[in-house]
Amino acid sequence: MPDNVTDKPLFSAKLSTPPRLADAVSEAIATALFDGRITPGDELPSEGEIAREFGVSKPIAREALRQLSGVGLIQTQRGKVARATAITGEPLDRIYGYAVRSSLARLREANEMRHLFETGIARLAAERRAEKGVAEMREAVREMRAGLGKPEIFIEADIAFHLGMAEATGNTMIRMQGEGMRSVQREVSELFSRRSNRSPTDWEATVMRHEDLFAAIRDGDGAKAVEMIDKHYEAADIASFEVAGDMDGNDA
């Protein structure tokens, strides 16, 4: 638990009359996690302590912890006190991963969502230019150029670039959503990067698009950043789907 613990109730919540008490308990605990009253690695109170604080039974407290564990907000082990985990987009990433690997149609839908999402990200990143995200984008572009013609290096750098762009918005929820879409980006990037007919000119053009997007965000040019996002999707992802269509043979 944090060093500055006081006698004040940890969760600061009064339960209403919800359809399920466990939902209200899990929501109150999640609020404490998002507010920073409980930080990654902290131990949560025991089931009995949670039950007493909320005035519910131990089975209700246990169900609330199970819900939080299911979405990745806490880690539980039999016989041990639950611990808070870092809040990331990993659970969503798993869901999207299952979806985009299930069919080409799902991959197209997910990438359409990603295009719309990143259009807004690019504009906000150019407006705010959060230092950590800009630095991550700069390093990712450097890794891309160093990895020209090497799909393994390029794919990881590509993913890092787009995560850096989300980080540059300074918005925690956008960062989480960006992390949640890594599976979508990986599938598209792998299809595009491993095309047998991909020429050195294609590799160079892809890096240059990322460099131009980075420059627009670094310079605070939101309109240019959005323009470069559109070019990125037109050039890279459409080509990827052409390859995927040849492999898949249908949209099922």
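Each chain carries its own residue numbering, running from 1 in the written order of its sequence. With pLDDT at 70 or above as the cut-off, local features in this predicted model cover only qualifying residues; side-chain atom pairs require 80 or more to be listed or tallied, and sums for whole chains, interfaces and linings still use all residues. In computing side-chain values, all of the structure's heavy atoms are included and hydrogens and water are not.

(A) Just the overall build of the protein chain, in detail. Secondary structure counts use DSSP, requiring at least four H or I residues in a row for a helix and at least two E residues in a row for a strand, with both numbered from the N terminus. Secondary structure assignment for the protein chain yields 11 helices and two strands. The linear arrangement of helices and strands in the protein chain, starting from the amino end, is α-α-α-β-β-α-α-α-α-α-α-α-α. The buried share of the protein chain, taken over its 252 residues, is 43%. Partitioning the intrachain contacts of the protein chain with sequence separation of at least 6 by distance along the chain shows that 74% fall at a separation of at least 24. To be clear on the numbers: accessible area is Shrake-Rupley with a 1.4 Å probe, and residue cover counts the displayed protein chains and nothing else. Carbon together with sulfur atoms contributes 51% to the accessible area of the protein chain, which is approximately 13400 Å² in total. Relative accessibility thresholds used throughout: buried, under 20% of the residue-type maximum; exposed, over 50%; partly exposed, between the two (1.4 Å probe, protein chains only). Residue contacts follow a heavy-atom distance rule, with two residues in contact if any of their heavy atoms lie within 4.5 Å.

(B) Representation of the pattern of salt bridges in the model. Just to be clear on terms, a salt bridge is a Lys or Arg side-chain nitrogen sitting within 4 Å of an Asp or Glu carboxyl oxygen. What the rule picks out here adds up to 18 salt bridges. Glu-63 is the partner of Arg-66 in a salt bridge, and the nearest nitrogen-oxygen pair spans 2.7 Å. Placement of the pair is Arg-66 and Glu-63 together in helix α3 (residues 58-70), with a separation of three residues, close to one helical turn. Note that Lys-132 is salt-bridged to Glu-136, the shortest N-O span being 2.6 Å. Note that Lys-132 and Glu-136 are positioned in helix α6 (residues 131-146) at a spacing of four residues, about one turn of the helix. Put simply, Arg-20, Glu-63 and Arg-66 are held in one network by salt bridges that share partners.

(C) Examining the nonpolar core more closely. The set of buried Ala, Val, Leu, Ile, Met, Phe, Trp, Tyr and Cys residues whose side-chain atoms join them within 4.5 Å is what this entry labels a nonpolar core. Residues Met-137, Phe-161, Met-165, Leu-213 and Ile-217 are the most contacted members of the largest nonpolar core, which totals 27 residues. Those elements giving two or more residues to this core turn out to be α5 (104-128), α6, α7 (151-167), α10 (200-218) and α11 (222-248). It is α10 that contributes the most residues to this core, six residues altogether. Setting aside residues up to four positions removed in sequence, Leu-213 forms contacts with Phe-161, Met-165, Ala-225, Met-228 and Ile-229. Ala-32, Phe-54, Ile-87 and Met-176 belong to the second largest nonpolar core, which has 24 residues in total.

(D) Structural detail: the confidence of the model for the protein chain. Of the residues in the protein chain, 85% have a pLDDT of 70 or more, and the chain-wide mean is 87. For the protein chain, the element scoring lowest by mean pLDDT is α11, at 75; α6 scores highest, at 97. For every residue, the predictor reports its confidence as pLDDT, a number between 0 and 100.

(E) The environment of Val-81, seen in detail. Among the structural elements, Val-81 can be located in the loop between β1 (74-75) and β2 (83-84). When its relative accessible area of 37% is taken as the criterion, Val-81 is described as partly exposed. In this structure, the C-alpha to C-alpha distance between Val-81 and Pro-45, residues 36 residues apart in sequence, is 7.2 Å. Residues contacting Val-81, with those up to four places away along its chain left out, are Glu-43, Leu-44 and Pro-45.

(F) Quick look at the side chain of His-210. With respect to the helices and strands, His-210 occurs in helix α10. Assessed through its relative accessible area of 1%, His-210 is described here as buried.

(G) View of the environment of Asp-202. Its place among the elements puts Asp-202 in helix α10. What makes Asp-202 partly exposed here is its relative accessible area of 28%. For the pair Asp-202 and Gly-149, spaced 53 residues apart in the sequence, the C-alpha separation amounts to 9.6 Å.

(H) Spotlight on the packing of aromatic side chains. The criterion for an aromatic pair is that two Phe, Tyr or Trp rings (for Trp, the six-membered ring) have centres within 6.5 Å, with stacked assigned to planes under 30 degrees apart, edge-to-face to planes over 60 apart and tilted to the rest. The tally for this structure, following the rule as stated, stands at one aromatic pair. When the ring of Phe-154 is compared with that of Trp-203, the centres are 5.2 Å apart and the planes differ by 80 degrees; the resulting orientation is edge-to-face. Remark: Trp-203 occurs in helix α10 and Phe-154 occurs in helix α7; sequence separation between them is 49 residues. Summarising the burial analysis for this pair, Phe-154 and Trp-203 share the class buried.

(I) Broad picture of helix α9 (residues 182-193). Relative to the 16 Å expected for 12 residues at 1.5 Å per residue, α9 spans 16 Å between its end C-alpha atoms, a close match to the ideal helical length. Of the residues making up α9, those classed as buried are Ser-183, Val-184, Gln-185, Val-188, Ser-189, Leu-191, Phe-192 and Ser-193. In a helix, the anticipated span is given by 1.5 Å times the number of residues less one.

(J) Highlighting helix α2 (residues 47-54). Those residues of α2 that fall on the buried side of the exposure criterion are Gly-48, Ile-50, Ala-51 and Phe-54. Burial along α2 is one-sided: seen end-on, the buried residues are contained in an arc of 165 degrees. Contacts from the buried residues of α2 go to α1 (21-35) and α3. Working definition: the arc comes from the directions between the helix axis and the C-beta atoms, pointing outward to the latter.

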